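# Per-entry structural report
The residues making up each chain are set out below.
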Amino acid sequence: MSKLSFRQLLFAAFILIAGVLTATSVQALLTLERLARLGRESAAQAVMLTERSQSLSERTLAMERSARQFLVLDDPVFRERYYSAWQDASAVLQSLNAALPGLPPALLAEWQTQSATAWTALKAGKRNNRAGHPVVYKVFERLPVLNDSLARASKREIGRRNDALLDELERQRRLLSGLVAGAIALAAILSTCFGFLLSRPLRRIESAIERLGENRFDQAIDVGGPADTRRLGQQLDWLRRRLADLDADKERFLRHISHELKTPLAALREGVALLEDEVAGTLADGQREIVGILRQNTASLQTQIEDLLRYNTAAFDAQHLRRVEVDLIALLREVIAEQRLQWQARRLQVLLAGAPVRALVDPDKLSAALANVLSNAVRFSPEDGSVAFSVAATPAGIVIDCVDQGPGVAGQDEARIFEPFYQGARQAAGARNGNGIGLSIVREYIVAHHGTVSLQPRPSGAHFRIELPYDA
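Residues numbered from 1 in each chain as written. Predicted model: local features only at pLDDT ≥ 70, side-chain atom pairs only at ≥ 80, totals over all residues. Heavy atoms only, no water.

### A closer look at the sheet that holds strand β5 (residues 398-403)
We apply this condition: Here the rule is simple: two strands pair whenever DSSP picks up at least two bridges between them. Only DSSP runs of H or I with at least four residues qualify as helices, and only runs of E with at least two residues qualify as strands; both kinds are numbered from the N terminus onward. To get an axis, fit a line to the C-alpha atoms, keeping to the stretch in contact for a helix; angles then go from 0 to 180 degrees between the N-to-C directions. Any two residues whose heavy atoms approach within 4.5 Å at even a single point are treated as in contact.
What the 5 strands build is an open sheet, ordered β2-β4-β5-β7-β6; its pairing is mixed. Both outer strands of the open sheet, β2 (349-353) and β6 (452-456), are each paired with one neighbouring strand and no more. For this sheet, the mean inter-axis angle between neighbouring strands, taken without regard to orientation, is 15°. Its contacts with the sheet put helix α7 (residues 328-338) on β2, β4 (386-393) and β5, and the angle it makes with β2 is roughly 175°. Helix-sheet contacts for helix α10 (residues 438-448) involve β6 and β7 (463-468), and the interaxial angle to β6 is about 135°.

### Section: the nonpolar core
Put simply, the test is: Nine residue types can take part in a nonpolar core, namely buried Ala, Val, Leu, Ile, Met, Phe, Trp, Tyr and Cys, and a core is a set of them joined through side-chain atoms within 4.5 Å. Here the term buried applies to any residue with accessible area under 20% of the maximum for its type, exposed to any over 50%, and partly exposed to those in between, with areas from a 1.4 Å probe on protein chains only.
Counting residues in each nonpolar core, the largest one holds 41 residues, and the members touching the most others are L328, F389 and I400. Listing elements by their share of this core, those giving two or more residues are α7, β3 (358-361), α9 (363-380), β4, β5, α10 and β7. For this core, the element with the highest residue contribution is α9, accounting for 8 residues. Those residues within four positions of F389 in sequence are excluded, and the remaining contacts are L332, I336, V350, L351, L352, A353, V373, L374, I400, D401 and C402. Judged by nonpolar contacts, the second largest core, of 34 residues, contains L56, W86, L93 and L150.

### As for helix α2 (residues 76-99)
Heads up, the rule is: Expected helix span is given by 1.5 Å per residue-to-residue step, counting one fewer step than there are residues.
With 24 residues, α2 extends 35 Å between its outermost C-alpha atoms, agreeing within 8% with the 34 Å of an ideal straight helix rising 1.5 Å per residue. Residues of α2 that are buried include every one of F78, R79, Y82, A85, W86, A89, S90, V92, L93, L96 and A99, and no others.

### Comments concerning the packing of aromatic side chains
For any pair of aromatic rings, the description rests on two quantities: the centre-to-centre distance and the angle between the ring planes. Filter applied, for reference: Whether two aromatic rings pair depends on their centres lying within 6.5 Å, for rings of Phe, Tyr and Trp, where Trp uses its six-membered ring; planes under 30 degrees apart make the pair stacked, over 60 edge-to-face, and the rest tilted.
Considering all chains together, one arrives at 5 aromatic pairs under this definition. With a centroid separation of 4.9 Å and 45° between ring planes, the pair formed by Y83 and W119 is classed as tilted. Linking Y83 in helix α2 with W119 in helix α3 (residues 105-124), this pair joins segments that are 36 residues apart in sequence. You can call Y83 partly exposed: its relative accessible area is 33%. Using a relative accessible area of 13% as the deciding quantity, one classes W119 as buried. Where W86 meets W119, the ring centres are 6.1 Å apart and the plane angle is 35°; that geometry is what we call tilted. You can see W86 sitting in helix α2 and its partner W119 sitting in helix α3, a full 33 residues away along the chain. For W86, a relative accessible area of 11% gives the class buried. Three or more aromatic residues link up through ring pairs in this structure, and these residues are Y82, Y83, W86 and W119.

### Topic: the environment of Y445
Assignment of secondary structure puts Y445 in helix α10. Overall, the relative accessible area of 7% leaves Y445 in the buried class. Residues Y445 and L366, 79 residues apart in the sequence, show an inter-C-alpha distance of 6.6 Å.

Shape descriptors only; they carry no functional weight alone.
Here's what the structure looks like:
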């Protein structure tokens, strides 16, 4: 199976399903043709039986007419006519007997006996057998009754054959219905099997691409299924290894360049500090202003370098989690306590609601993510405001909400608020602008736990929601 391509498997599935439906259609056509043939034969037999019954009645009437004429006129011609009509009627009777095997033999024997009795009386002649008149009259009183019995038997046979044809038609209808239902069920089963066979590798490819997009390069990519999806999986695994190498190169480069920048930056800051202390001589007002600008920008540069290193470290650490079972309520209490000085300095209240719930997480990484969420909320909350945390357990996992009373996130920033080094349009009043890596670190750590972090709609303030599985 693995040697076949995606296109070949689709073609094979189409051929199998088309073959099943074609076989059912051929069976239906053959059945309809057979039923049509049976219908034609039944109709022809019904016509034949009706014609034979009518012909027997006509021959019997001709026999009666010839016999009566002979008895009146004593002309041998009429006797010969009787005999000829009798022979014809006997032939018709033989054909009815062949077509109606269920006819009572006594009925046929009586008809032959009555007609032979009349012939015996006619052979004696009018003058030699005057007693033949009553015999002939009795014979032709009985023969129409026998003809009626034969006609009724023919009608019963026609009805029986029609009923048999209808029964056969109903049986074939049920058979065709079963075949069609079976063909549809088989086609659905084949479609489902092939769909499952082909969709599973696609889901693996989709999952692999998501992991690559999340910078999770530690898990090998193995895609089964058709030959072309296996080749695609091998190419994705090569891409994973290549991206992992590039990510490692980027990390080494950042560490190297940060280290190289820190040394001259430290010397620059030391020099600015010496100038501010007027070690090299008294500064004029303009010179002191320039030194202040230098000090401010060197401090900002050092902060940028440290934030860059911090984000790079967070991205690397997110790929190496050490999971243990912890109580998330207790973990949140520790995070809130660690930042007590910051939120108390702004006269804020930090509220925590929810029942204890345990999950399998990396406590250090998750604490860092929650600390960044809290730090962001404290930074943007107005003085004397509040920040509310809540933890809830759901069938799908754990939901952690953080709601503050700050200015919220501008509409144009919602799509990019978790991007690294992105600063929104709304900044905290009276505070130094951040570097835009706090929420990006939150996303790195939460995604590493197979969870999600999102910004929820809210008329005022910001509402961040973290969703985690129980076995993150």
